[in-house]
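Architecture and fold: a report
Residue-level listing of the chains:
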Amino acid sequence: MSVNIETLNQETTRELVPVRAGDTVTVNIKVVEGNKERIQPFKGVVIQKKGTGLGSTLTVRKISGNVAVERIFPMHSPRIESIEIDHKGKVRQARIYYMRKLRGRAARISERTR
Amino acid sequence: MNGILAKKLGMTQVFTDEGERVPVTVLAAGPCVVIRHKTLDNDGYEAVQVGFGDKKEFRANKAELGNFKKSGVGAKQHLLEFAAEDLAQWPVGKEFGAADILSDDELVDVSGVSKGRGFSGTIRRHNFAMGPQSHGTHNIRKPGSIGANSYPARVFPGKKGPGQYGNKKTTVKNLQVVKVDGERNLVFLKGAVPGPKNGIIVVRKS
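Residues numbered from 1 in each chain as written. Chains lettered and ligands numbered in written order. Predicted model: local features only at pLDDT ≥ 70, side-chain atom pairs only at ≥ 80, totals over all residues. Heavy atoms only, no water.

1. Some details on the interface of chain B and chain A
Contacts between the two partners involve 19 residues from chain B, matched on the other side by 14 residues from chain A. Each partner contributes to the roughly 1,300 Å² buried at the junction of chain B and chain A, and carbon and sulfur atoms together form 67% of this total. Counting the surface chain B buries against chain A, the share from its top three residues, Phe15(B), Arg21(B) and Arg184(B), is 37%. The interface formed by chain B and chain A holds zero salt bridges in total. Where chain B meets chain A, there are two residue pairs in polar contact (both at pLDDT 80 or more). Per-element accounting of the side of chain B that touches chain A gives the leading share, seven residues, to strand β1 (residues 3-15) of chain B. When grouped by side-chain class, the residues that make up the side of chain B that touches chain A number eight nonpolar, six polar and five charged. (Contact = heavy atoms within 4.5 Å. Buried area = accessible area lost by both parts, 1.4 Å probe. Salt bridge = Lys/Arg side-chain N within 4 Å of Asp/Glu carboxyl O. Polar contact = N/O pair within 3.5 Å; in protein donor to acceptor, adjacent residues only side chain to side chain. Helix = DSSP H or I, 4+ residues; strand = E, 2+ residues; numbered from the N terminus. Nonpolar A, V, L, I, M, F, W, Y, C, P; charged D, E, K, R; others polar.)

Set out below in structure tokens:
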């Protein structure tokens, strides 16, 4: 009986890309339509990372048309195909909620170089 | 047989294929060993005595040792009887695990000794409301009135009050088996199970 919860959790956890708040990412989600499965990308800015281990989530915000959309992804969900970093952003907070008030040119995030 | 002994490993979460997160308690159920049969002729009822978890022989008293010697298995930490329809299916000395008793999506009843919380007040023990916290009050965690005065001139039996909370056998009914891992004798149950980690748990079919 050498099994413990930590080793069990490691079986379901997956390699994570090192995302940070402020990064622009594309989350590729598996969507089932009828009986076909396809991959739907969701591209936006990471507002926050929350939690540790299996339960950790990623909140991604994008402006779709004129409407802001925020989606919360469980990072270890099998529904998530992959997460790609498109742009590394330089921000000072770990949770950039102030982005919700900003639109257009004010909502730009400068490049993180180191 | 309708049940198995297990050890609580702790809680975590698993994902379904739809990406839904399910909170689960992981139990190490088995390996258990059949120690002895209770028969109609000898005991007046039919049951299988089951042992779980090894212990050193010198820890067992002589009465226990006699029981273990007869079955030909080593000393076990925990013994329990389960009703069985067919005793011949469970010969003495037979080792069995989680997969022999439980299957996926089944409903089970789970018993264990709940976490002991000591002598607790009414707020923790019975979910009483707290009193006002400020303006010079002295009634912050008091239980309040426990009944009328001259009539009935006594406190009714069963009145909720402070006292020992927890460390008591508790049963949770109709928990769903999410997954059974027969190779490693693991059972994943949806939801919480009474008792601390490493506590001994009885899983019975609902």
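2. A few points about unusual backbone geometry
All names here are of chain B. Cis geometry marks the peptide bond from tyrosine 151 to proline 152; its omega dihedral reads 15°. Position of proline 152 among the secondary structure elements: in the loop between α4 (122-126) and β9 (163-164). Positioned with a positive phi, asparagine 167 is a non-glycine residue whose angle comes to about 55°. Here asparagine 167 is to be found in the loop between β9 and β10 (169-181). Since its relative accessible area comes to 53%, asparagine 167 is described here as exposed. The phi dihedral of asparagine 198 falls on the positive side, at around 70°, and the residue is not glycine. (Buried < 20%, exposed > 50% of the residue type's maximum accessible area, 1.4 Å probe, protein only.)

3. Here's the deal with the sheet that holds strand β2 (residues 36-50) of chain A
Residue and element names in this part refer to chain A. Spatially, five strands are ordered β4-β3-β2-β1-β5 in an open sheet, and the strand pairing comes out antiparallel. Each having just a single partner strand, β4 (67-74) and β5 (80-87) make up the two edges of the open sheet. Going from strand to strand, the sheet's axes swing by 40° on average, the running direction of each strand aside. For strand β3 (residues 57-64) and β4, the ladder comprises eight bridges, and the chain directions are antiparallel. Note that in β4 the partner of arginine 61 across the bridge is glutamate 70. (Pairing = 2+ DSSP bridges. Axes fitted to C-alpha atoms, helices over the stretch in contact; angles between N-to-C directions.)

Remember, this is a structural readout, not a statement about activity or role.
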